[in-house]
Structures are given as structure tokens and as C-alpha cells.
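So the chains spell out like this:
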Amino acid sequence: MRKEAAPSSALSTPTTVGKLFVCFETKPLVATLLALTLVMLLWNLPPYYQSLLSTTRPCSAPPLTSVASVTSAAAITSLLSTNASLPYTATPVAEKKYYSAPKAKPSDPNKRVFEAYGNAADLFVKMGAYRGGPTTAKAYKMLPDWGYGRIYTVVVVNCTFPFNPNQDNLGGKLMINAYYGESQRKYEKFTALEEAPGIYNDSKYHPPFQYEYLYCGSSLYGNLSADRMREWMAYHAWFFGPNSHFVFHDAGGVTPEVRAVLDPWVRTGRATVQDIRGQAEFDGYYYNQFLVVNDCLHRYRHAANWTFYFDVDEYIYLPDGNTLESVLNEFSDYTQFTIEQNPMSSVLCLNDSSQQQWGFEKLLFRESRTGIRRDRKYAIQAKNAYTTGVHMSENVIGKTLHKTETKIRYYHYHNTITVHQELCREYLPLSAKNNVTWFNKLPYVYDDNMKKLVNTIKEFECNTIGNLHRN
């Protein structure tokens with residue numbers, strides 16, 4: 001597993017696939033052009049080329065300096081590359097420039113467009129662009145998904161400026177030059193981000209943020225169960241409280257039935273469903289989930305104090321009477337913390353279970369092996385993160401905490417999210433509550449912590465969105 005070096009507050013020379021040159025082009029009618037942004041990109045190059053990304057700034061600008069607040073850009077490349085230096089110098093004008101005009105924006109702001117530039121398998125595909133704050137850190141390239149051998153892989157690039165490039169609020173553009181190879185004779189040029197006059201608002205990048213907690217979901221795909229989605233949403237809307245928001249990414253898994261479950265929460269402002277089905281055109285790891293979670297990180301990086309990353313078959317739980325507020329206050333000196341898993345059987349139930357019960361109401365047997373490594377999920381203070389991943393971020397400012405199991409955990413109901421029939425397939429006598437049950441050579445113990453909450457969750461759902469889904 002390849003790891004990228006963490007960002008530093010000192011001026012150092014990071015390494016990358018090719019070369020990253022920073023220089024910002026001005027337009028005659030714009031006084032200061034925006035360049036402090038995140039750019040989500042898919043970057044595909046033939047295997048015999050090294051890749052080269054160029055963003056531009058005024059060539060007369062002073063040398064770059066590192067500062068505390070950050071913003072990021074992401075690219076996706078087909079080449080798991082060797083490292084090369086990152087000179088911070090302006091690029092000479094290339095001889096063969098292909099200007100690509102941006103696509104028209106859809107009327108639905110949650111319909112995500114993947115803008116492809118280049119020939120054949122696409123040199124560059126832009127997902128989104130975001131300003132990350134008044135100023136940013138040095139130019140810096142990161143690989144949050146370590147390649148994984150697909151046609152496209154995620155690269156996150158920070159664009160750096162020693163000043164607020166739109167401080168006078170007159171607007172500006174970030175232009176990207178994407179080169180086909182080490183030679184600068186041929187490249188694609190396009191507008192990554194445009195900031196209109198008067199739109200910059202400095203207060204947006206400082207607390208208090210809009211939410212206390214934000215959920216960034218991975219790509220939703222496959223034949224998802226509307227019942228399981230209903231239960232998950234009701235539980236976590238209760239768990240995180242009214243000052244929270246949920247962002248889902250539909251990669252084909254939000255069927256009309258699932259949409260009907262989520263729509264009441266969308267209408268009340270508790271959830272957003274983004275249509276990312278266009279990502280299927282580009283072969284990335286697991287429905288481009290690394291691209292999606294990094295887009296969510298930067299799209300909402302100043303929307304909440306804490307951003308949580310976990311899946312829709314996983315339920316966050318606070319043991320021993322902890323409260324979420326007290327736990328996060330205790331963890332406030334850390335940029336991120338990871339959460340240990342409680343793996344639950346997806347088939348074992350007591351023989352008094354019924355079809356009318358919710359999934360976490362009747363799946364009550366926890367796999368009880370100890371001393372083994374299990375997958376973890378995590379929460380992060382997004383304002384201090386450069387990139388994110390599925391199980392944690394490896395590119396943050398600040399400390400990471402792992403020893404959290406006495407404060408917060410998550411229950412994982414693996415292989416249940418696509419089950420549409422009865423979940424219970426193996427029934428146990430009531431005596432199993434007091435014994436270890438061996439199933440498929442694994443030990444299970446009775447754990448009804450989640451069941452104890454189910455009546456509270458059902459009442460909360462009814463009071464919050466009416467009796468639309470009430471059993």
C-alpha cells in the first residue's frame with residue numbers, strides 16, 4: 001500500500017507522477033482571478049507517458065508560501081506512477097492547445113456532470129471544483145486510492161496561492177492545462193472553476209458552520225433494500241440530531257422504492273441525494289467511491305464541525321451512556337478518529353423473531369473473536385483534511401486517534417443491505433442469549449444493544465416525518 005507524505009507547514013518539495021507547475025492566467029476584465037480551489041478530475045494517460053498537470057497563476061506573482069488553511073484538487077490517472085519533482089515555476093506556452101468549453105449545467109443541482117477532455121479514453125474528466133478557503137497550502141499531490149489497477153485512479157492536487165486571489169471580490173477563473181505527455185506541445189485547456197463577482201464570502205470558511213455533523217456516503221449501487229435504507233436513515237437522523245445532514249451518492253442503487261424512503265428526509269432538509277450515475281462511464285475502483293468521498297469532503301468541508309464516513313449497513317453506537325457531544329468534545333484536539341467494528345451475523349435470529357421487526361431489531365448475534373484486526377470507519381474535521389479515503393484519511397493536518405472503542409463503535413450488518421426477503425435464515429432457541437453460538441466455525445454472542453433503541457427510533461421517525469413509513 002503506497003502512502004503519500006503528509007503536508008508540511010515548511011516549504012518542501014513534494015513528489016508526484018509528473019510535474020505540477022503553478023501559474024495563473026488573467027483575463028482582461030477580471031482584476032484578480034480565483035485559483036484557490038478544489039478540482040475533482042479523472043486523468044488517463046497512455047502507459048508510456050508520464051503525466052503532467054499544470055495550473056496557472058500570474059507569472060509575476062511572488063514565491064509560494066505555506067499557510068494553515070487548505071483546499072484540494074483531485075485528478076484520476078491511469079498510471080501508477082514513479083515520482084518526479086514538483087517545481088513551482090511558470091510553464092511555457094504549449095504549441096498545440098485544444099480549448100475545451102465547459103458543458104452546460106443541468107437544472108438539477110444534484111445531477112452531477114463528469115466533464116471529459118481529451119481523446120480516446122479521456123485525458124481529463126472533471127467532476128467538481130470548489131474554493132477551499134481564503135488561502136491554501138503549497139502545491140501538493142496525493143493518491144488517496146493507491147491505484148488499485150483500474151483505468152482511472154484518484155489524484156488529489158492542491159493549488160497554492162500566497163494571497164487571497166479574489167480578495168477584492170471582482171471574480172476570477174481557475175484554468176487547467178492537462179498535458180498528453182512530458183512534452184508540452186499538446187495539451188487540453190479548460191476552465192476548472194469560475195467565481196462570479198461579489199460571490200466570495202469569507203465568513204463561509206470559519207465557524208460557526210451550518211451543521212454540527214455531516215454524513216458523506218460512498219457510491220450507492222446494486223439492488224438496495226428500501227426497508228434497510230429506511231431503518232438506517234431513521235436511526236442516524238435520530239443519532240446525529242437535528243443539526244446534521246446526510247449526503248448520499250446515487251450510482252444506480254437509488255431505485256424508486258429507495259427514493260421514496262429518502263424523499264421525506266430530503267423534503268425536511270435532512271438529506272441530499274446526488275445523482276452520480278454518469279460515473280459509470282469511467283472505470284474506477286468500486287463505482288469511483290474514492291472520487292466520490294473526496295468530492296464530498298471538499299464540497300462540504302466548511303459545512304460541519306465533523307464529517308462521518310461509513311456505509312449504509314453500518315450503525316454508529318455509543319456504549320456505556322456516552323453522548324455524541326461529550327465524545328467529540330473529548331476528541332476535539334484530533335483531526336480524525338477511527339471507529340471499531342462490532343460485526344453482526346446477517347442470518348442468525350432468535351426463534352421468536354417476526355417479519356415485522358426491523359433488521360437491527362432481530363439480528364442480535366455479534367461475532368465475538370478477539371485479538372484480530374477489523375475494518376474501521378472514521379470521522380474527520382474536514383477543514384483540516386487534504387484528502388479522504390474509505391477507512392481513514394492519510395493526508396491531514398493534526399493527529400489521528402485510534403483507541404476509541406470504549407467511547408464509540410459501529411455495528412456492521414454485512415450482506416443485509418441487498419436482502420429483500422426475510423433476513424432471519426437460522427433460528428436459535430432463547431437459551432442462545434446466555435451461550436456462545438458457533439456458526440460457520442465462528443463464535444457469536446447475544447447483543448441486544450441496538451434492539452433496546454428500536455422503539456425510540458420508530459417513535460422518532462413517526463414524529464419527524466409522519467407515519468408514512470410507520471409499521
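Student: Just checking my understanding: could you explain the confidence of the model for the chain for this structure?
Tutor: Detailed reading of the predicted model is not advised wherever pLDDT is low. Per-residue pLDDT for the chain averages 77, and the proportion of residues at 70 or more is 70%. Contacts of residues 1–95 to residues separated by more than four positions or lying in other chains number 347 contacts, the stretch itself having pLDDT below 50.

Student: I keep staring at the state of the cysteines and nothing clicks. Help me out?
Tutor: Here, the word disulfide means a covalent bond between the sulfur atoms of two cysteines. Scanning the entire structure with this criterion turns up two disulfides. With a sulfur-sulfur separation of 2.0 Å, Cys216 is cross-linked through a disulfide to Cys296. Residues Cys216 and Cys296 are joined by a disulfide whose S-S torsion is about -80°; by sign, that bridge is left-handed. Of the two residues, Cys216 is situated in strand 14 (residues 211–220) and Cys296 in helix 3 (residues 289–299); the sequence distance between them amounts to 80 residues. Across the disulfide from Cys349 sits Cys424; the S-S distance is 2.0 Å.

Student: Just checking my understanding: could you explain the pattern of salt bridges for this structure?
Tutor: Pairing between side chains of opposite charge can happen when their charged atoms approach one another. Inspection of the entire model under this criterion finds 19 salt bridges. Residue Arg230 is joined to Glu461 by a salt bridge in which the shortest nitrogen-to-oxygen separation is 2.9 Å. Of the two residues, Arg230 is situated in helix 1 (residues 226–240) and Glu461 in helix 6 (residues 454–465); the sequence distance between them amounts to 231 residues. Of the residues examined, Arg230 reaches a relative accessible area of 10% and is grouped as buried. On the basis of relative accessible area, Glu461 is assigned to the buried category, the value being 1%. Through salt bridges with shared partners, a single ionic network connects Asp311, Glu314 and Lys377.

Student: Mind showing me how you'd approach the packing of helix 1 against helix 2 (residues 256–267) here?
Tutor: For any two helices packed against each other, the geometry is given by the interaxial angle and the distance between the axes. Relative orientation of the contacting elements helix 1 and helix 2 amounts to 20°, with a least axis distance of 8 Å. Put simply, helix 1 runs roughly parallel to helix 2. Considering only the axes of helix 1 and helix 2, their crossing is right-handed. Taken together, the residues of helix 2 that come into contact with helix 1 (itself represented by Ala226, Met229, Arg230, Met233, Ala234 and Ala237) are Glu257, Val258, Val261, Leu262 and Trp265. Taken together, the residues of the contact of helix 1 with helix 2 break down into nine nonpolar, no polar and two charged.

Student: Help me out: how do you make sense of unusual backbone geometry in this one?
Tutor: If a residue is not glycine, its phi is most likely negative; likewise, a peptide bond is most likely trans. Here the amide bond leading from Pro207 into Pro208 is cis, since omega sits at 5°, within 30 degrees of zero. Examined against the element boundaries, Pro208 turns out to sit in the loop between strand 13 (186–195) and strand 14. The phi torsion at Asn169 lies on the positive side, around 60°, for a residue other than glycine. Mapped onto the elements, Asn169 comes out in the loop between strand 11 (154–158) and strand 12 (172–179).

Student: When you look at the packing of aromatic side chains in this model, what are you seeing that I'm missing?
Tutor: The relation between two aromatic rings is expressed through the spacing of the ring centres and the mutual angle of the planes. Under the counting rule described, the total for this entry stands at 30 aromatic pairs. Relative to Phe308, the ring of Tyr213 lies with its centre 6.4 Å away and its plane at 80°, an arrangement referred to as edge-to-face. You can see Tyr213 sitting in strand 14 and its partner Phe308 sitting in strand 17 (residues 304–309), a full 95 residues away along the chain. Here Tyr213 matches Phe308 in class, with each residue buried.

Student: Explanation requested: the pairing of strand 18 (residues 314–317) in the structure shown.
Tutor: Residue alternation in strand 18 divides its side chains into two sets, Glu314 and Ile316 and Tyr315 and Tyr317, and both sets are buried. Across four bridges, the pairing between strand 18 and strand 24 (residues 409–412) is antiparallel. Each residue of the ladder has a partner; that of Ile316, found in strand 24, is Tyr410.

Student: I would appreciate a short explanation of the sheet that holds strand 27 (residues 442–446) in the present structure.
Tutor: Each strand in a sheet pairs with another by means of backbone hydrogen bonds, the pair being arranged parallel or else antiparallel. The antiparallel open sheet is built from three strands, whose spatial order is 21-27-26. Two strands in the sheet have a free side with no partner beyond their single neighbour: strand 21 (365–367) and strand 26 (437–439). Neighbouring strand axes in the sheet, compared pairwise and without regard to direction, differ in orientation by 40° on average. Where strand 21 and strand 27 come together, three bridges link them in antiparallel fashion. Across the sheet, residue Phe365 finds its bridge partner in strand 27, namely Tyr446.

Thresholds applied
Residues numbered from 1 in each chain as written. Predicted model: local features only at pLDDT ≥ 70, side-chain atom pairs only at ≥ 80, totals over all residues. Heavy atoms only, no water. pLDDT = per-residue confidence, 0-100. Contact = heavy atoms within 4.5 Å. Disulfide = S-S within 2.5 Å. Helix = DSSP H or I, 4+ residues; strand = E, 2+ residues; numbered from the N terminus. Salt bridge = Lys/Arg side-chain N within 4 Å of Asp/Glu carboxyl O. Buried < 20%, exposed > 50% of the residue type's maximum accessible area, 1.4 Å probe, protein only. Axes fitted to C-alpha atoms, helices over the stretch in contact; angles between N-to-C directions. Parallel < 35°, antiparallel > 145°, perpendicular 65-115°, else oblique. Left-handed = near helix turned anticlockwise from the far one by under 90°. Nonpolar A, V, L, I, M, F, W, Y, C, P; charged D, E, K, R; others polar. Phe/Tyr/Trp six-rings, centres within 6.5 Å; stacked < 30°, edge-to-face > 60°. Pairing = 2+ DSSP bridges.

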